[in-house]
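Secondary and tertiary structure notes
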Amino acid sequence: MLILVTGGAGYIGSHTCVELLLAGHDVVVVDDFSNSSPEALRRVERLAGRPVHLHQLDILDAARLETVFAGRSFDAVIHFAGLKAVGESVAQPLRYFRTNLGTTLNLLEAMARHGVQRLVFSSSSTVYGNPTRVPLTEDMPLSAVNPYGRTKLMIEDILRDFCAANADWQVALLRYFNPVGAHASGLMGEDPRGIPNNLMPFITKVAVGRLEALSVFGTDYPTPDGTAIRDYIHVVDVARGHVAAVQGLASLRGARAVNLGTGRGHSVREVISAMERVLGRPLPTRNAPRRAGDATASWADPSLARQLWGWTATHTLDDMCRDALRWQTAHPDGYDTRPA
Ligand code: UD1
């Protein structure tokens with residue numbers, strides 16, 4: 001298949017491009033590099049041994065997006081591009097609505113004009129709001145707890161409405177749990193700008209001595225060790241989930257939400273212990289108050305993805321830590337790291 005990948009240079013996008021190419025598909029990437037590096041795409045090509053076709057542009061520019069579709073006939077689109085920092089979305093909600101909704105609307109209009117009717121959308125487990133029950137199944141109630149989450153939920157709603165009106169469309173809404181880790185080669189990984197907000201990139205920066213200590217946000221949760229529980233999933237498993245989804249679109253009808261998780265929850269302390277095992281020494285941590293808006297526990301029931309596409313996550317928490325650490329050690333400054 002010929003697949004258009006928006007945000008293909010980003011963390012999940014780049015890992016997905018490798019898996020798509022390895023599965024024999026051709027890939028065209030649209031990215032403006034506003035939160036990613038062109039180097040990621042060079043690594044994709046190196047790992048897959050095949051080229052990626054790049055259009056560097058902002059999807060908010062509908063006229064330029066049109067040039068991507070002109071003269072090509074895509075079989076499907078995977079839409080990763082978007083802003084994703086919760087705190088930033090609270091401070092700058094309009095920017096989040098403009099970017100995440102505007103890009104999606106432009107993309108859908110371009111697809112409709114060119115008769116491309118298959119889409120995989122990057123949604124998030126954040127659409128379950130603060131879960132009242134775990135594991136989470138796709139039919140559970142949805143809500144937004146911040147503007148970032150609201151953009152994901154609004155886009156899901158837009159796609160459901162759009163598919164209701166256009167019976168020929170086939171759309172997978174992939175709800176990621178907590179993607180972490182890096183490519184096993186050590187050549188690709190997460191490269192957040194500034195101080196990371198998320199747990200795993202923060203821990204790896206502490207592990208390589210770039211940050212002093214990890215703050216454990218909340219030690220009084222009603223969980224076995226008092227820290228919050230999440231479903232951490234290796235980014236390569238997430239990437240392979242996209243390959244399975246895009247190959248399975250032909251047998252979907254309308255917009256279908258599907259969880260991508262392992263089905264296992266791990267506490268913050270368990271993640272720290274796993275990283276310490278891989279590192280072979282203790283990590284400096286300090287107890288800190290709960291972070292506003294954090295849920296006690298969230299993990300997936302991943303059975304729908306298995307049922308539909310035969311997909312399941314295969315990497316363990318130790319794999320995730322080992323690969324994240326390998327990437328961070330080789331690239332303390334992310335893709336800007338100069339070769340040693
Ligand atoms: C966060 C977002 C979520 C988003 C997801 C992916 C919030 C409230 N939620 O999910 O909407 O979809 O990232 O980008 O930001 N933790 C620490 N110390 C740290 C960092 C995190 O103890 O320095 C804890 C958190 O309290 C949480 C767990 O580690 O219990 C995981 O945190 P994180 O990696 O930020 O993911 P989520 O909060 O699940």
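Our subject in this report is the structure included herewith. Note that the structure is predicted; figures quoted are calculated from it, not measured.

On to the site of the ligand. The immediate surroundings of the ligand are formed by 18 residues, with Leu199, Ser215, Arg230, Arg291 and Asp294 found nearest. Here an oxygen atom of the ligand sits 3.5 Å away from a polar atom, N or O, in the side chain of Thr126. Leu199 has a polar backbone atom sitting 2.8 Å from an oxygen atom of the ligand. When the ligand sits alone it has 740 Å² of accessible area, and the protein chains cover 87% of it. A per-class count over the shell around the ligand returns 9 nonpolar, 6 polar and 3 charged.

With that out of the way, let us pick up the environment of Leu20. Along the chain, Leu20 turns up in helix H1 (residues 11–22). Residue classification places Leu20 among the buried positions, given a relative accessible area of 0%. With 310 residues separating them in the primary sequence, Leu20 and Ala330 have C-alpha atoms 25 Å apart.

Along the chain, the position of His183 falls in the loop between strand S7 (178–180) and helix H7 (199–207). The class of His183 is buried, set by a relative accessible area of 15%. A polar side-chain atom of His183 sits 2.7 Å from a polar atom in the side chain of Ser185. The residues touching His183, leaving out its near neighbours within four places in the chain, are His15, Val18, Leu47, Met188 and Val236.

Counted by the stated rule, this structure contains 1 cavity of 30 Å³ or more. The calculated volume of the largest cavity comes to roughly 70 Å³. Around the largest cavity, the lining residues are Tyr11, Val180, Gly181, Glu190, Pro192, Met200, Pro201, Thr204, Ala324, Trp327 and Gln328. Elements with a contribution of two residues or more to the lining of the largest cavity: H7 and helix H11 (317–330). Of the residues in the lining of the largest cavity, the class split is 7 nonpolar, 3 polar and 1 charged.

With respect to the helices and strands, the residue Ser36 is situated in the loop between strand S2 (26–31) and helix H2 (38–48). Separated by 3.1 Å, the side chains of Ser36 and Asp31 make a polar contact. Excluding anything up to four places from it in sequence, Ser36 contacts Ala9, Gly10, Asp31 and Arg193.

Let's shift gears to the pairing of strand S11 (residues 254–260). The element S11 is largely enclosed, with a buried count of 5 among its 7 residues. The pairing of strand S6 (residues 170–176) with S11 spans 7 bridges and is parallel. Looking across to S11, one finds that Val171 is bridged to Ala255.

Looking now at the layout of surface pockets. Quantified by volume, the second largest pocket comes out at close to 200 Å³. What lines the second largest pocket is simply Ser36, Ser37, Pro38, Asp191, Pro192, Arg193, Lys205, Arg210, Pro332, Asp333, Gly334 and Asp336.

Attention now goes to the nonpolar core. Ranked by internal contacts, the top residues of the largest apolar core, which has 44 residues, are Leu174 and Trp309. Per-element tally for this core: the top contributor is helix H8 (residues 235–248), with 7 residues. Not counting the four nearest positions on each side in its chain, Trp309 is found in contact with Ala172, Leu174, Ala244, Ala245, Gly248, Leu252 and Val258. With 26 residues, the next largest nonpolar core counts Ile59, Val77, Leu159 and Val171 among its residues.

What sets the pattern is the α-helix's 3.6 residues per turn: residues three or four places apart point alike. Residues of helix H3 (residues 62–69) that are buried include every one of Leu65, Val68 and Phe69, and no others. Across the axial projection of H3, the buried residues extend over an arc of 95°, all falling on one side. Those residues of H3 that are buried are in contact with strand S1 (2–6), S2, strand S3 (53–56) and helix H5 (93–113). A positive backbone phi angle near 80° is found at Gly71, which sits one or two residues after H3.

This brings us to the sheet that holds S1. If you trace the 7 strands from one edge of the open sheet to the other, you get S3-S2-S1-S4-S5-S6-S11, paired in parallel fashion. Sheet topology places S3 and S11 at the edges, where each strand pairs with a single neighbour. The average angle at which neighbouring strand axes cross in this sheet is 20°, direction not considered. As judged from the 5 bridges shared by S1 and S2, these two strands associate in the parallel manner. Among the inter-strand pairings, Leu4 is bridged to a residue of S2, identified as Val28. The strands touched by H8 are S1, strand S4 (76–79), strand S5 (118–124), S6 and S11; relative to S6, the strand with the most contacts, the crossing angle is about 165°.

Rules used throughout
- Residues numbered from 1 in each chain as written.
- Predicted model: local features only at pLDDT ≥ 70, side-chain atom pairs only at ≥ 80, totals over all residues.
- Heavy atoms only, no water.
- Near = heavy atom within 4 Å.
- Polar contact = N/O pair within 3.5 Å; in protein donor to acceptor, adjacent residues only side chain to side chain.
- Areas by Shrake-Rupley, 256 points an atom, 1.4 Å probe, with all protein chains shown as cover.
- Nonpolar A, V, L, I, M, F, W, Y, C, P; charged D, E, K, R; others polar.
- Helix = DSSP H or I, 4+ residues; strand = E, 2+ residues; numbered from the N terminus.
- Buried < 20%, exposed > 50% of the residue type's maximum accessible area, 1.4 Å probe, protein only.
- Contact = heavy atoms within 4.5 Å.
- 1 Å grid on protein atoms, 1.4 Å probe; cavity = no way out; pocket = protein on both sides within 12 Å on 5 of 7 lines; lining within 4 Å.
- Points joined across faces, edges and corners; volume = space filled by probe spheres on them.
- Pairing = 2+ DSSP bridges.
- Core = buried A, V, L, I, M, F, W, Y, C linked by side-chain atoms within 4.5 Å.
- Arc of directions from axis to C-beta.
- Axes fitted to C-alpha atoms, helices over the stretch in contact; angles between N-to-C directions.

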